[in-house]
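Chain by chain, the residues:
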Amino acid sequence: ILMYGANDVTTRTLAQLQFDTETIVALMTARNIVTYAATVPPRTTSTDSWATVGNQTALASESKRTGFNDWLRTTTPPVGIHKVWETADTVESARNSGKWKASHTADGIHPTPAAHALMAAAVDLSDLTLR
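Keep in mind it's a predicted model, so treat the numbers as computed, not measured. (Residues numbered from 1 in each chain as written. Predicted model: local features only at pLDDT ≥ 70, side-chain atom pairs only at ≥ 80, totals over all residues. Heavy atoms only, no water.)

Caption draft 1: Structural detail: the environment of Ile81. Along the chain, the position of Ile81 falls in the loop between helix 3 (62–74) and strand 4 (83–85). On the basis of relative accessibility, which here comes to 1%, the residue Ile81 falls in the buried class. A sequence separation of 37 residues divides Ile81 from Thr44, and the C-alpha atoms of the two residues are 28 Å apart. With sequence-adjacent residues up to four places away left out, Ile81 is seen in contact with Thr21, Val25, Thr35, Tyr36, Ala37 and Leu72. (Helix = DSSP H or I, 4+ residues; strand = E, 2+ residues; numbered from the N terminus. Buried < 20%, exposed > 50% of the residue type's maximum accessible area, 1.4 Å probe, protein only. Contact = heavy atoms within 4.5 Å.)

Here is the structure:
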């Protein structure tokens, strides 16, 4: 299961994220391992401890995150990935808004336990393929 985090998105270019993904998936495929991926949730700052969407500000790297997520969503299947799980949509105020749903994070980086549960529910294991 491949899921980049906020640190990856802030330190790598979109092209690097895509290349890294393709490299990882190629290595896994060569070892006959089925690869799944998950979209990346936002990373923000807040003036009200993430109680509202309106008081959040997305990081400057937000366009890389949305670009990477859109690449995962629209490349079918992307670079040999068996399935993409849509985890970002479960915690983001709207697709590619760059903001968490209110009270779904306490630090702008990590999901709350309730948000983790929403993300976990987006992971459909019914077609889990093991080789």
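Caption draft 2: Region of the structure containing the side chain of Glu62. Locating Glu62 in the fold gives a position in helix 3. Excluding its chain neighbours within four sequence positions, the residues that come into contact with Glu62 are Glu92, Asn96, Ser97 and Gly98.

Caption draft 3: Seen up close, the nonpolar core. Counting residues in each nonpolar core, the largest one holds 11 residues, listed as Leu2, Tyr4, Val9, Leu17, Val25, Ala37, Val40, Phe68, Trp71, Leu72 and Ile81. Put simply, the parts of the chain that give this core at least two residues each are helix 2 (14–30) and helix 3. Broken down by element, the residue count for this core peaks at 3 residues, all from helix 3. Setting aside residues no more than four positions away along its own chain, Leu2 makes contact with Thr21, Ile24, Thr35, Tyr36, Ala37 and Ala38. (Core = buried A, V, L, I, M, F, W, Y, C linked by side-chain atoms within 4.5 Å.)

The values reported here are purely geometric and, on their own, carry no functional implication.
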